[in-house]
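A closer look at the structure
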Amino acid sequence: MAIHTISVLAQDNPGVLSRLAGLVSRRGYNVTSLSVGKTHRPGLSRFTLVVNGDDVSVEQIVRQLDKLIEIVEVRNLSEDKFVERWMTLIKVRAPLDVRPHVLQTAEIFRCRIIDIGEDAIVIEATGDRGKVEACLEAVRPFGVIEVASSGAVALGRTGFGARKESPVAAIQL
Amino acid sequence: MMNGAQMVVEALRREGVEVLFGIPGGTVIPLFDAMVNAPFRQVLTRHEQGAVHAAEGYGRASGKVGVCLVTSGPGATNTLTGLADAHLDSVPLVVITGQVKTSLIGTDAFQEADIFGCSMPVVKHSFLVRTLEQLPAALAGAFHIARTGRPGPVLVDIPVDVQNARGEFDYPPALNFPGYSAEVAEELSGLDEARRLLERSERPMILAGGGIILSDAAEALLGLAEAGSIPVATTFMGKGGFPERHPLSLGTAGMHGRAQANRALCEADVVLAVGTRLSDRTTGRPDGFAPKAKLIHVDMDRAEVGKTFSPQVGLVGDAAKVLSLLAPSVEGKDCRAWRETLDGWTRSYPLEPAPDVLSAPLVIRAVRRLVDEETVVVTEVGQHQMWAGLHWETNRPRSFISSGGLGTMGFGLPAALGAAFATGKPVVCFAGDGSLLMNIQELESCSRYNLPVKVIVLNNGSLGMVRQWQELFFDERYAQTLEGVHCDFVALAESFFMRGYRVKVAEELEETLKEALETPGPALVDCVIPWRDKVFPMVPAGAALGDFLWPDGGPTES
């Protein structure tokens, strides 16, 4: 069992999220995170799935996803080098007496403070999964009130050798 | 200018549709109205499930896209079983459903069901047409996707206001499916290794699935088998892909496969599996499937290769093409000792039924003798279906039609109706009393169109397949399977204005069958068979293929 990050390029049609999520749950795949957003090409969305499974079952996910008509491209990014970011918003208790400690902890993880109130702040932690999880653990003692997480977004690395470009520009829509 | 409904009719005409199965309802009145003078036939069934199975029967018998048109809500949800059935058996199908008008979608309006959402897990693709502009592309796309690649069912949901909207019609529109290719994405890098394995094999065999039929690869399969004298077993769905009268045929393999086919799979050193998804019903317990063999798995669907088994060699490509590429490597092989072993097994497990007792095998074999090779036979689902698999010698593709993957009771009668429209010839429908009653209303459709559908009821007054499991694995506790059938099938047939016959003893069989087959139009023959009869061989669920049950303790060693 290993963690795999799968990148899916799909037509931006109504129902495509439902179709993808349905396939993943129907076949019993173990999905840790799923995120979706627009790309630079109008009409195309990118889904990022993080799944836990052995190589054979992950290959099955890739192949089954690839069969969906509206899915244009599926890549298991973990087969190669890639960059990945998670973002988590953490609302943490920060009354004046401990606020400097909270801010100091957030600083260690290079978090941004994006909201501040009477006795709580919202910090934005961005990074790979390990960093975001560590940050959450570090502020937990102060009293975490709410958390919202993005799930992973990822792209294959460009590198300096022969560039393995995803032919997004070539897709006719 | 034309309205959306007229566009549908025109699109169907241009797609070459000859016949459409359906039932009108509130949200498809404009569509049926537009079809009054359509150049294709419209067939009214008595239940939407009947319509969708009829379209499947048409598609399976002809290889063309079966088309079904039903109303929204219950009409649409009644097609789900047919969609799932077509999905598992890769049947080209387009199901058009009416939908409430777009402004009412999502408001729980009368006869509103989210069929677009409901259909997702059981279709190759589905469309919800929200505007008139999307309509031509959805229709053209539906037919394109249903019939190309690995065929499958496609749903097109059309709100009634889109049917009534008027606009210009341009057809065929440009198709925009960047994620779908009608061409197979081949992966043939293992070809040389496959050739090597076949060339060196001493006990090779071919396991041919339904893909042989879908890819029109029967000829290529015959070529390869004959080139190397390689024995061929088919899956249940592959029945018809290889002539069963051929000396190299082992018959069907699997849970109720022929003994020699299953034993061959246990002993073979190379198994070439083509166009099969190697389902649990075909393979039995995974570690008991082809345990001594190197497995070469060929399929056009990349996701099937490696799904249930990790083959030594996986090849992705069209069956006919790959078989032709492999044929030279087996040229001149003989495998005489291996074939003699197999022939010995065939003799050890004779299937011939007792001639003096009316039994399902006796009836099936009698009908077989009375009709020609081209005759399409359709089955319902249950014991009779497995008996037909074992005893109905099938020699041509598309002449044996059955619900394989989903195992849908109630499939057979409407599918026979659809097949009769496809072939224009008499169609034999083997049915159990249980299955037949699941869509019995379609006898009315057969009668109304005076179709030559010959329903042969193998009536054991029980839900026989489940009863067989209860006898063997549940200490003979016959929960709900021996309730009896409070129905006179002959009188029922006659009430639908078709001929009904009853056979109770073997002596009357041949003559009654002859009369039923020769009578123009539909007929039903109620054959009363012993309720205790079981289908053998049988590989118990979860057992290895070689551990099949055989009556009276074991084979007759020759």
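Residues numbered from 1 in each chain as written. Chains lettered and ligands numbered in written order. Predicted model: local features only at pLDDT ≥ 70, side-chain atom pairs only at ≥ 80, totals over all residues. Heavy atoms only, no water.

Some details on the overall build of chain A
Formally: In this description a helix means any DSSP run of H or I spanning at least four residues, a strand means any run of E spanning at least two, and both kinds are numbered starting from the N terminus. Throughout, exposure labels follow a simple rule: accessible area from a 1.4 Å probe, protein chains only, divided by the maximum for the residue type, with under 20% read as buried, over 50% as exposed, and the rest as partly exposed. Every accessible area reported is derived by Shrake-Rupley at a probe size of 1.4 Å, with residue values counting cover from the shown protein chains alone. Charge assignment: positive for Lys and Arg, negative for Asp and Glu; neither His nor the chain ends contribute. Charged side chains are reduced to one point each, which is NZ for Lys, CZ for Arg, CG for Asp and CD for Glu.
In terms of helices and strands, chain A carries four helices and eight strands. Start at the N end of chain A and walk to the C end: the helices and strands fall as β-α-β-β-α-β-β-α-β-β-α-β. Principal-axis analysis of the C-alpha atoms gives chain A an extent of 55 × 40 × 35 Å. Here chain A holds 173 residues, and the buried ones make up 41% of them. Element-wise, carbon and sulfur atoms account for 54% of the exposed surface of chain A, whose accessible area totals about 9500 Å². Where the 22 positive side-chain charges of chain A centre and where its 21 negative ones centre are 5 Å apart.

Thoughts on the domain arrangement of chain A
Residue and element names in this part refer to chain A. So the rule is basically this: The domain boundaries here were taken from an automatic or database domain assignment. Working rule for contacts: check all heavy atoms of both residues, and any pair within 4.5 Å makes them a contact. Once two parts are joined, some of their accessible surface, as seen by a 1.4 Å probe, is lost; buried area is that loss totalled over both. By convention in these notes, a salt bridge is any Lys or Arg side-chain nitrogen within 4 Å of a carboxyl oxygen on Asp or Glu. For this classification, the nonpolar set comprises Ala, Val, Leu, Ile, Met, Phe, Trp, Tyr, Cys and Pro, the charged set comprises Asp, Glu, Lys and Arg, and every other residue, Gly included, is treated as polar.
The domain architecture assigned to chain A consists of domain 1 (2–80) and domain 2 (83–154). Computed over C-alpha atoms, the centres of domain 1 and domain 2 are 28 Å apart. Each partner contributes to the interface: domain 1 provides ten residues, whereas domain 2 provides eight residues. Buried area between domain 1 and domain 2, summed over both chains or domains, comes out near 580 Å², and the portion from carbon and sulfur atoms is 53%. Our count for the domain 1 to domain 2 interface comes out at zero salt bridges. Contributions of two or more residues to the side of domain 1 that touches domain 2 are made by strand 1 (2–11), strand 2 (31–38) and strand 3 (44–53). Class assignment of the residues belonging to the side of domain 1 that touches domain 2 gives a composition of three nonpolar, six polar and one charged.

Quick look at the domain arrangement of chain B
Interface size, as often reported, equals the accessible area lost upon joining of the parts. Residues and elements named next belong to chain B. Taken as a whole, chain B is organised into domain 1 (2–167), domain 2 (191–348) and domain 3 (360–528). Computed from C-alpha atoms alone, the centre-to-centre distance between domain 1 and domain 3 is 29 Å. At the junction of the two partners, domain 1 supplies 26 residues and domain 3 supplies 26 residues. The junction of domain 1 with domain 3 conceals about 1900 Å² of combined surface from both sides, 62% of it contributed by carbon and sulfur atoms. On the domain 1 side of the interface with domain 3, the three residues burying the most area are Arg 46, Arg 60 and Ala 61, jointly 27% of the side's total. Note that Arg 46 is salt-bridged to Glu 444, the shortest N-O span being 2.9 Å. Elements with a minimum of two residues in the side of domain 1 that touches domain 3: strand 2 (19–22), strand 3 (41–44), helix 3 (48–62) and helix 5 (80–88). For the side of domain 1 that touches domain 3, the class distribution of residues is nine nonpolar, eleven polar and six charged.

Some points on the pairing of strand 5 (residues 82–93) of chain A
Rules: By the convention used here, strands pair only if DSSP detects at least 2 bridges between them.
Of the pairings in the sheet, the one linking strand 5 of chain A to strand 8 (residues 144–156) of chain A comprises ten bridges and is antiparallel in character. Bridge pairing links A:Phe82 to A:Gly156 in strand 8 of chain A.

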